[in-house]
Amino acid sequence: IFLIFSILIYLFMTPLQIKQQKFSKLSSVMQPELMKIQKKYKNKKDQASMQKMQEETSAVYQKYGVSPTGSCVQLLIQLPILWSLWHVIQNIPAYVGSVKSVLDGVASQIIGVSGYTNILQDFITDNKMTRVRLILDGQTATPNSVIDFLYALSPGQWDKLADMSQFAGFSDAINSTAGEISHMQSFLGLNIADMPWNYITAVVAGGSILLAIAALLIPILSWGTQVLNLKLMPQATPQNDDGANPMASSMKTMNMVMPLMSAFFCFTFPVGLGIYWISSAVVRSVQQVLINRHLNKMDIEVLINENMKKIEEKRAKAGLPPQKITNQAHQSVKNINKIDKGNSGSPEAERAKKVEESY
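Residues numbered from 1 in each chain as written. Predicted model: local features only at pLDDT ≥ 70, side-chain atom pairs only at ≥ 80, totals over all residues. Heavy atoms only, no water.

Draft legend 1. Representation of the overall build of the protein chain. Assigned secondary structure in the protein chain consists of 17 helices and four strands. Sorting the 359 residues of the protein chain into buried and exposed places 39% on the buried side. The long-range fraction of contacts in the protein chain, counting pairs at least 24 apart against all pairs at least 6 apart in sequence, stands at 74%. Counting only carbon and sulfur atoms, one obtains 61% of the accessible surface of the protein chain, whose full area is about 21,200 Å². (Helix = DSSP H or I, 4+ residues; strand = E, 2+ residues; numbered from the N terminus. Buried < 20%, exposed > 50% of the residue type's maximum accessible area, 1.4 Å probe, protein only. Contact = heavy atoms within 4.5 Å. Areas by Shrake-Rupley, 256 points an atom, 1.4 Å probe, with all protein chains shown as cover.)

Draft legend 2. Region of the structure containing the pattern of salt bridges. As enumerated under the stated definition, the model contains one salt bridge in all. Notably, a salt bridge pairs lysine 40 with glutamate 56, separated by 3.1 Å at the nearest N-O pair. Of this pair, lysine 40 sits in helix H2 (residues 14–40) while glutamate 56 sits in helix H3 (residues 47–64); the two residues are 16 residues apart in sequence, bridging distant segments of the chain. Under the relative-accessibility criterion, lysine 40 is labelled partly exposed at 40%. (Salt bridge = Lys/Arg side-chain N within 4 Å of Asp/Glu carboxyl O.)

Draft legend 3. Broad picture of the packing of aromatic side chains. Inspection of the entire model under this criterion finds six aromatic pairs. Members of the aromatic cluster, joined through ring pairs, are Phe264, Phe265, Phe269 and Trp277. (Phe/Tyr/Trp six-rings, centres within 6.5 Å; stacked < 30°, edge-to-face > 60°.)

Draft legend 4. Quick peek at the environment of glutamine 166. By secondary structure assignment, the location of glutamine 166 is in the loop between helix H9 (155–162) and helix H10 (171–184). Along the chain, glutamine 166 and valine 113 lie 53 residues apart, while their C-alpha atoms are 7.5 Å from each other. Those residues in contact with glutamine 166 that sit more than four places away from it in its chain are Val113 and Ile119. Within the structure, glutamine 166 has its side chain in polar contact with the side chain of serine 165 (distance 3.4 Å). (Polar contact = N/O pair within 3.5 Å; in protein donor to acceptor, adjacent residues only side chain to side chain.)

Draft legend 5. How the structure looks around unusual backbone geometry. Of note in the backbone geometry, lysine 128 takes a positive phi value of approximately 55° without being a glycine. Tracing the sequence through the fold places lysine 128 in the loop between helix H7 (116–126) and strand E1 (136–137).

Draft legend 6. Layout of the nonpolar core. Among the nonpolar cores identified, the biggest contains 41 residues, and Ile110, Phe149, Leu150, Trp158, Leu161 and Phe167 are the most heavily contacted of them. Mapped onto this core, the elements with two or more residues apiece are helix H6 (97–111), H7, helix H8 (143–151), H9, H10, helix H12 (209–232) and helix H14 (271–296). The element contributing the most residues to this core is H6, with six residues. Within the second largest apolar cluster, 11 residues are counted, among which are Leu26, Met30, Tyr41 and Met308. (Core = buried A, V, L, I, M, F, W, Y, C linked by side-chain atoms within 4.5 Å.)

Draft legend 7. Broad picture of the packing of H9 against H10. In the contact formed by H9 and H10, the axes pass within 9 Å of each other and the chain directions differ by 170°. When the axes of H9 and H10 are compared, the pair comes out roughly antiparallel. Taking contact as the criterion, the partners of Trp158, Leu161 and Ala162 in H9 are, on H10, Ser171, Ile174, Asn175, Thr177, Ala178 and Ile181. Residue composition of the contact of H9 with H10, by class: six nonpolar, three polar and no charged. (Axes fitted to C-alpha atoms, helices over the stretch in contact; angles between N-to-C directions. Parallel < 35°, antiparallel > 145°, perpendicular 65-115°, else oblique. Nonpolar A, V, L, I, M, F, W, Y, C, P; charged D, E, K, R; others polar.)

Okay, here's the thing in structure tokens:
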């Protein structure tokens, strides 16, 4: 289910990913010019200089036919999808009727116990179930929140629930339900509601070494697939000429920290979440390989001309005249892109010359 879900979601978002990475490809070409502008006005904080810096920066974006917010729009579109996906994962019984029906019987019996809300609240606190929250209707927990609580239980917590004196009258029903739900939550012998750390520490008490190794692979694979995914992503920010590019340094740090954080969380989060992260990263990596092949075949000048054409079409529909770079900004761009005679035959020089000639 996790793999199918990941494939469907990322297939749906493929056009957005391509659009975002076209922006990244253009950004890698634009970045040296933008860095020159920043360096030019580095120590100038007066209003006139800031205005000129903004004008020259805007001229570079106009020249390549992109918007400064080009990558943000795609991310904003993805947020509702990712938020909805996370909501579904967190509330499986609300969306999968077969899971809810298995838990209904025990949930009804728990609700029949006097003071069940306080009993469950104490159980959540004692077992440090930080990702579980009972929804109250007045002073009592709603039936659906009790079902969500039961779905979040690990095998060890099901045993503790069955041993509680308050629920002694239906402990057999609890054990029977635990067996059913454990079968539904099983993946390669691991319970997707349990944490890898529990399997690893259980070895000391005589637990299965094979299951502990399988559980240990979850955070390791999560780290490895995240690293692979980041390696495949196009790098939009090249190193600065003087070797001191703070943006590149920040991105490098983030690319190191994020996979490590993913691995750390996988130790103490349910196995199911780790499987989802791994499957998502694998799907993204395959998707990224295909996107990279597509983008590598694209000529940068063709991409710029496509962007300019789309901008002019939008302006025509809005009844606006064709976009023109102001003379002052146009001259500023020429000054920024002035190429040394010794480098006039370089690919960068030829690219800059072609782009400039389009104006």
